[in-house]
Amino acid sequence: MEKLWLIYTHPVYQECLRKNKLSEEKRRFCIHNIQHFLDVARLAYILALERGYTALGKEEIYAAAFLHDIGRWKQYEEGIPHEKASMQIADGILKESGFEEEKKNRILNSILEHRKAGEKQEELSEILHDADRMSRNCFACDMERECNWKEEKKNKRIIY
Ligand SMILES: [Fe+2]
Ligand SMILES: [Fe+2]
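Attention in this report is confined to the structure presented alongside it.

Basis of the calculations
- Residues numbered from 1 in each chain as written.
- Chains lettered and ligands numbered in written order.
- Predicted model: local features only at pLDDT ≥ 70, side-chain atom pairs only at ≥ 80, totals over all residues.
- Helix = DSSP H or I, 4+ residues; strand = E, 2+ residues; numbered from the N terminus.
- Expected span 1.5 Å × (residues − 1).
- Axes fitted to C-alpha atoms, helices over the stretch in contact; angles between N-to-C directions.
- Parallel < 35°, antiparallel > 145°, perpendicular 65-115°, else oblique.
- Left-handed = near helix turned anticlockwise from the far one by under 90°.
- Contact = placed C-beta atoms within 7 Å.
- Nonpolar A, V, L, I, M, F, W, Y, C, P; charged D, E, K, R; others polar.
- Core = buried A, V, L, I, M, F, W, Y, C linked by C-beta atoms within 7 Å.
- Buried ≥ 20, exposed ≤ 12 C-beta atoms within 10 Å, placed from the backbone.

Here helix H3 (residues 34-51) is 18 residues long and its end C-alpha atoms lie 25 Å apart, about the 26 Å a rise of 1.5 Å per residue gives. Downstream of H3 by one or two residues, Gly52 has phi in the positive range, about 70°.

This paragraph deals with the packing of helix H6 (residues 82-96) against helix H7 (residues 101-112). Helix packing geometry: the angle between the two helix axes and the distance between the axes. Look at H6 against H7: their axes get within 8 Å of each other, and the N-to-C directions meet at 160°. Accordingly, the angle class assigned to the pair H6 and H7 is roughly antiparallel. Of the two elements, H6 crosses H7, and the hand of that crossing is right-handed. Contacts between H6 and H7 pair Glu83, Lys84, Ser86, Met87, Ala90, Asp91, Leu94 and Lys95 from the former with Lys104, Ile107, Leu108, Ile111 and Leu112 from the latter.

Within the element layout of this structure, Ala41 appears in helix H3. Each C-alpha atom, one on Ala41 and one on Glu59, is 9.5 Å from the other, the two residues being 18 residues apart in sequence. Here Ala41 is in contact with Ile61, Tyr62, Ala65 and Phe66, once residues within four sequence places are set aside.

Attention shifts here to the packing of helix H2 (residues 11-23) against H6. Between H2 and H6, the least distance of the axes is 9 Å, while the angle of their chain directions is 150°. On H6, the residues that touch Val12, Tyr13 and Cys16 of H2 are Ile89, Gly92 and Ile93. Tallied by class, residues from the contact of H2 with H6 come to five nonpolar, one polar and no charged.

This part covers the nonpolar core. Ranked by internal contacts, the top residues of the largest apolar core, which has 33 residues, are Ala44, Ile61, Ala63, Ala64, Ala65, Leu67 and Ala90. Contributing elements (two or more residues each) for this core: H2, H3, helix H4 (58-67), H6, H7 and helix H8 (123-134). What Leu67 contacts, discounting residues up to four positions off in sequence, is Ile7, Ser86, Ala90, Ile93 and Ile111.

Below is the structure:
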């Protein structure tokens, strides 16, 4: 089976999707569901094409996007920063979905760095971070004024 489908159907992945959904049921700000993961995956792949990052595989990009916020529920429940929680959860899922060590480590690193601003060492980390930001439609969001994203971080116009 293709690796991305192995990730999506992994029992731990499904359990985390369910837990994210439960934790964010009443959340009025951005949520972290499969739609967000797909938005980020597609944007990240477009960025890889536009920036000429040809060494990155589609599967690797989608895997990073699908897993980058998977531990968000742990941040609500235990106060662990979600990039760390997601990285820890992603490790086992990636291993069991057949990702070899080098790719797995690159994906884990991009998850860990996805909230960090500034220069990134790895192309995957850079596009995951940028796609994550671009995916949010602040210009059309009712919660924009109350959102604690820094003003310069918000997408006040359609980004394309
Ligand atoms: Fe995140
Ligand atoms: Fe995200």
